[in-house]
Amino acid sequence: MKKKLVSVLMCAAMTATVLAGCGSSSTTTTTDTSSADTSAADTSASNAAETTAATEAAADASADASASGDVLTIGFAQVGHESDWRTASTNSCQTVFTAENGYDLQFVDCDNDSAVQIEAVRGFIEQDVDYIIIDPIVSTGWDTVLTECEDAGIPVIVIDRTIDDSDKYVSWVGSNFKTEGLAAGEWLKAYAELKGIEDINVLVIEGSTGASATIGRTDGFKEIADREGWTILDSQNGDFTQAGGQEVMESYCKSYEGQFNVVICQNDNEAFGAMDAMKNAGVSYGVDGDVILVSFDACTAGLEYVLSGDINADFECNPLAAPFVEEVIQTLEAGGTPEKEVYMSEHWFVNEDILSSITVDGEEQELTVVDQAVVDAQY
Ligand code: GYE
């Protein structure tokens, strides 16, 4: 690996970013599937097709690197192991950044501890890795360590959650969390109208505090709740875990007994915990129950509960970012300037075939009714 070249490329990429400005459409790519297909099987396949295309393109490039014996060392500071989504994200990186693809992956599970994550990045600088991938546990507190990466000439690629107080990274690959929250709100509005439900009293189980995924999903849903005049009875941190979801829901069942008819869990694992808590408290949920249950992530286990009708709707967050990260790396290796922002595609999954689409931020988006084929095609 020619460190100087990468350093120069990184500066070029950063200069381009500064010129274009953060969020400028000229530096933004979408792995688009928002023109979603109508059939469930097709919709799921479209994710796979995109991922396959990205994987193949990057695999060609990395095969060259591998053939020339030029192994790239990649340090990956992962959030932790809190959820099914996280496992899928880790698997995605471990499948792409393999020795046979020409990579030496240094993986650190930061166990949801920001201090550990910053130290992991410093460890990668000390090791003089070629690239650093960060999935930031929280969205702030990054500028100092990213400056250290820059000074060391190591390009940083951010995946999944965003860094909101520093621009010193080459690319970010992830999802639009606010759109996910807005989609949950728009779906609930349309669904409640169809079902003739007038009073909406919501309990929210948030993800980890300070994570951009939490902030975006909370803000997006709240925007629709405020617009529609719904009551959000409470909104507490369930830390994106099953245990956290269960604990928060147990306390909600006591404090708000008989007062709520919607529970929004900001990921599937929290929803699994919330279901246990409601079951134990004698509260019925899902398509045949008294409480509408909404989730985010839509990993396989989440979709199984959509299929069984326990979860009414599940808003996908695609964890398979690694092929797109590899494209960023190979673009840099080839002397190009990668996109500053790459958006993963999202699909919205429901149990009942009563609504075909919702309009989110002015854009009409299909709803996918979950059947066994959809579950089987999911990660
Ligand atoms: O929704 C949750 C995970 O950052 C989008 O983190 C990710 C979130 C995901 O723990 O399951």
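Right above here is the structure, for reference.
Scope of this entry: the structure provided in the associated data block. (Residues numbered from 1 in each chain as written. Predicted model: local features only at pLDDT ≥ 70, side-chain atom pairs only at ≥ 80, totals over all residues. Heavy atoms only, no water.)

Notes on the side chain of Glu 346
Part 1 of the argument: Along the chain, Glu 346 turns up in the loop between strand E12 (341-343) and strand E13 (348-350).
Part 2 of the argument: Here Glu 346 occupies a buried position and makes no salt bridge, while the nearest side chain of opposite charge, Arg 217, is found at 6.9 Å.
Part 3 of the argument: Within the local environment of Glu 346, its side chain forms a polar contact with the side chain of Ser 175, the two groups lying 3.0 Å apart. (Helix = DSSP H or I, 4+ residues; strand = E, 2+ residues; numbered from the N terminus. Buried < 20%, exposed > 50% of the residue type's maximum accessible area, 1.4 Å probe, protein only. Lys, Arg positive; Asp, Glu negative; His and termini not counted. Salt bridge = Lys/Arg side-chain N within 4 Å of Asp/Glu carboxyl O. Polar contact = N/O pair within 3.5 Å; in protein donor to acceptor, adjacent residues only side chain to side chain.)

Some words on the packing of aromatic side chains
Part 1 of the argument: Evaluation of the coordinates by the stated rule reveals 10 aromatic pairs.
Part 2 of the argument: Each ring, one from Phe 272 and one from Tyr 305, has its centre 5.3 Å from the other, and the planes form 45°; the classification is tilted. Pair noted here: Phe 272 is in helix H9 (residues 268-281) and Tyr 305 is in helix H10 (residues 300-307), with a separation of 33 residues, a long-range link.
Part 3 of the argument: The buried category is assigned to Phe 272, whose relative accessible area is 10%.
Part 4 of the argument: Overall, the relative accessible area of 34% leaves Tyr 305 in the partly exposed class.
Part 5 of the argument: The ring of Tyr 169 has Lys 340 lying over it, and the distance from NZ or CZ to the ring centre is 3.9 Å. (Phe/Tyr/Trp six-rings, centres within 6.5 Å; stacked < 30°, edge-to-face > 60°. Lys NZ or Arg CZ within 6 Å of the ring centre and 35° of its normal.)

Observations regarding empty space enclosed by the protein
Part 1 of the argument: For the structure shown, the criterion picks out 3 cavities of 30 Å³ or more.
Part 2 of the argument: Quantified by volume, the largest cavity comes out at close to 100 Å³.
Part 3 of the argument: For the largest cavity, the lining is made up of 13 residues, of which Trp 85, Arg 86, Arg 217, Phe 240 and Asp 297 are closest to its centre.
Part 4 of the argument: Broken down by secondary-structure element, the contributors of at least two residues to the lining of the largest cavity are helix H3 (84-96) and helix H7 (212-228).
Part 5 of the argument: Of the residues belonging to the lining of the largest cavity, the class tally is 5 nonpolar, 2 polar and 6 charged.
Part 6 of the argument: By volume, the second largest cavity is sized at about 60 Å³.
Part 7 of the argument: Counting only elements with at least two residues in the lining of the second largest cavity, the list comes to H3 and strand E6 (171-174).
Part 8 of the argument: The class makeup of the residues in the lining of the second largest cavity is 7 nonpolar, 5 polar and 1 charged. (1 Å grid on protein atoms, 1.4 Å probe; cavity = no way out; pocket = protein on both sides within 12 Å on 5 of 7 lines; lining within 4 Å. Points joined across faces, edges and corners; volume = space filled by probe spheres on them. Nonpolar A, V, L, I, M, F, W, Y, C, P; charged D, E, K, R; others polar.)

Quick notes on the sheet that holds strand E9 (residues 262-265)
Part 1 of the argument: Strand order in this open sheet of 8 strands is E8-E7-E9-E10-E11-E13-E15-E14, and the pairing throughout is mixed. At either end of the open sheet lies a strand with only one pairing partner, and these are strand E8 (231-237) and strand E14 (357-360). Taken pair by pair, the neighbouring strands of this sheet meet at an average axis angle of 20°, ignoring direction.
Part 2 of the argument: Note that E9 and strand E10 (residues 292-297) share 3 bridges and pair parallel. Looking across to E10, one finds that Val 262 is bridged to Ile 292. (Pairing = 2+ DSSP bridges. Axes fitted to C-alpha atoms, helices over the stretch in contact; angles between N-to-C directions.)

Describing the packing of H3 against helix H11 (residues 322-333)
Part 1 of the argument: Between H3 and H11, the least distance of the axes is 8 Å, while the angle of their chain directions is 45°. The pairing of H3 with H11 is recorded here as oblique in orientation. Counting all contacts with H3, which are made through Ser 92, Cys 93 and Val 96, the residues of H11 involved are Ala 322, Pro 323 and Glu 326.
Part 2 of the argument: Its residues assigned to classes, the contact of H3 with H11 shows 4 nonpolar, 1 polar and 1 charged. (Parallel < 35°, antiparallel > 145°, perpendicular 65-115°, else oblique. Contact = heavy atoms within 4.5 Å.)

Re the pattern of salt bridges
Part 1 of the argument: Overall, the coordinates contain 18 salt bridges when judged by the stated rule.
Part 2 of the argument: Here Glu 119 makes a salt bridge to Arg 122, at a shortest N to O gap of 3.1 Å. Taken as a pair, Glu 119 and Arg 122 lie in helix H4 (residues 114-127) at a separation of 3 residues, close to a single helical turn.
Part 3 of the argument: A salt bridge links Glu 223 to Lys 178; its shortest N-O distance comes to 2.8 Å. Of the two residues, Glu 223 sits in helix H7 while Lys 178 sits in helix H6 (residues 177-195), which places them 45 residues apart along the sequence.
Part 4 of the argument: Taking the relative accessible area as the measure of exposure, Glu 223 reaches 39% and is therefore partly exposed.

Section: the nonpolar core
If you look at soluble globular proteins, the nonpolar side chains tend to sit buried side by side.
Part 1 of the argument: Judged by nonpolar contacts, the single largest core of 29 residues is most densely connected at Trp 187, Leu 188, Phe 221, Ile 264 and Phe 315.
Part 2 of the argument: Breaking this core down by element, the ones donating at least two residues are H6, strand E7 (201-206), H7, E9, E10, strand E11 (313-316), E13 and E14.
Part 3 of the argument: By residue number, the principal contributor to this core is H6, which donates 8 residues.
Part 4 of the argument: Once you skip the residues sitting within four places of it in the chain, Ile 264 turns out to touch Val 202, Leu 203, Val 204, Ile 205, Phe 221, Val 294 and Phe 296.
Part 5 of the argument: Listed in part, the 27 residues of the second largest apolar core include Ile 205, Val 248, Tyr 252 and Phe 260. (Core = buried A, V, L, I, M, F, W, Y, C linked by side-chain atoms within 4.5 Å.)

Looking at H4
Part 1 of the argument: Here H4 is 14 residues long and its end C-alpha atoms lie 20 Å apart, about the 20 Å a rise of 1.5 Å per residue gives.
Part 2 of the argument: The complete set of buried residues in H4 reads Gln 117, Ile 118, Ala 120, Val 121, Phe 124 and Ile 125. On an axial view of H4, the arc spanned by its buried residues comes to 155°, and they lie on one face. Structural note: H4 exposes Ala 115 and Glu 126 on the side pointing more than 90 degrees away from its buried face.
Part 3 of the argument: On its buried face, H4 is in contact with strand E2 (72-78), strand E3 (103-109), strand E4 (131-134) and helix H5 (143-151).
Part 4 of the argument: Looking at where H4 begins, the residue whose side-chain oxygen comes 3.0 Å from the main-chain nitrogen of Ala 115 is Asp 113. (Expected span 1.5 Å × (residues − 1). Arc of directions from axis to C-beta.)

A word on the site of the ligand
Part 1 of the argument: The environment of the ligand is formed by 13 residues, the closest being Glu 82, Asp 160, Arg 161, Arg 217 and Asp 297.
Part 2 of the argument: Measuring from an oxygen atom of the ligand, one finds a side-chain N or O atom of Asp 160 at 2.7 Å.
Part 3 of the argument: Note that an oxygen atom of the ligand is positioned 2.8 Å from one of the side-chain N or O atoms of Arg 161.
Part 4 of the argument: Bound to the protein, the ligand loses 100% of the 300 Å² it would expose on its own.
Part 5 of the argument: Taken atom by atom, the bulk of the ligand overlaps the largest cavity.
Part 6 of the argument: Among the residues making up the shell around the ligand, the classes are represented as 5 nonpolar, 2 polar and 6 charged. (Near = heavy atom within 4 Å. Areas by Shrake-Rupley, 256 points an atom, 1.4 Å probe, with all protein chains shown as cover. Sits in = over half its atoms within 2 Å of the grid points.)

Coordinates in, geometry out; function isn't part of it.
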